[in-house]
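Geometric and topological summary
Chain by chain, the residues:
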Amino acid sequence: MSEQPLTLDYFTGRVDQVRKAIEKAIEEAGAYGSDQLMTDLEWTQYVHDHVHVTDEGDNRLVDDPKTTSHLGELVERYRVH
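Now for a look at the structure at hand. Since this is a predicted model, take the numbers as computed values, not measurements.

Some thoughts on the side chain of Arg19
Along the chain, Arg19 falls in helix H1 (residues 8–29). Residue Arg19 is classed as buried on the basis of its relative accessible area, which comes to 17%. Setting aside anything within four residues of it in sequence, one finds Arg19 in contact with Leu41, Thr44, Gln45 and His48.

Given below as structure tokens:
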């Protein structure tokens, strides 16, 4: 993603987009869905509510570089625009 901290709203919006892309991939794969798809889907469900956030003024920023980096990987993997 980026070097700058992401706002919580932007982060959760991207997580939602990735989750939709994963759900579509699972639907298209049918019975042949992979464990990786399920793992990624579970990650999006968990991180949506459990990411570390800090308050800076009026902004709520995601303060978890490892998590934002992983989200960036999923955005690329599932070709989310």
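So much for the structure itself; the text now carries on.
Remarks on helix H2 (residues 35–50)
Here H2 contains 16 residues, and its C-alpha end-to-end distance of 22 Å stays within 8% of the 22 Å for a straight helix at 1.5 Å per residue. All of the buried residues in H2 are Leu37, Asp40, Leu41, Trp43, Thr44 and Val47. For H2, the arc enclosing every buried residue in end-on projection is 155 degrees, short of the 170-degree limit, so these residues lie on one face. For H2, exposure combined with an orientation more than 90 degrees from the buried face picks out Asp35, Tyr46 and Asp49. Elements in contact with the buried residues of H2: H1 and helix H3 (65–77). In this structure Ser34 caps H2, since a side-chain oxygen of it lies 3.3 Å from the backbone nitrogen of Gln36.

A closer look at the pattern of salt bridges
Using the criterion set out here, one finds three salt bridges in the structure. Taking the shortest distance from any N to any O, the salt bridge between Asp16 and Arg19 comes out at 2.8 Å. Placement of both Asp16 and Arg19 in helix H1 is noted, with a separation of three residues, approximately one turn of the helix.

Parameters and conventions
Residues numbered from 1 in each chain as written. Predicted model: local features only at pLDDT ≥ 70, side-chain atom pairs only at ≥ 80, totals over all residues. Heavy atoms only, no water. Helix = DSSP H or I, 4+ residues; strand = E, 2+ residues; numbered from the N terminus. Buried < 20%, exposed > 50% of the residue type's maximum accessible area, 1.4 Å probe, protein only. Contact = heavy atoms within 4.5 Å. Expected span 1.5 Å × (residues − 1). Arc of directions from axis to C-beta. Polar contact = N/O pair within 3.5 Å; in protein donor to acceptor, adjacent residues only side chain to side chain. Salt bridge = Lys/Arg side-chain N within 4 Å of Asp/Glu carboxyl O.

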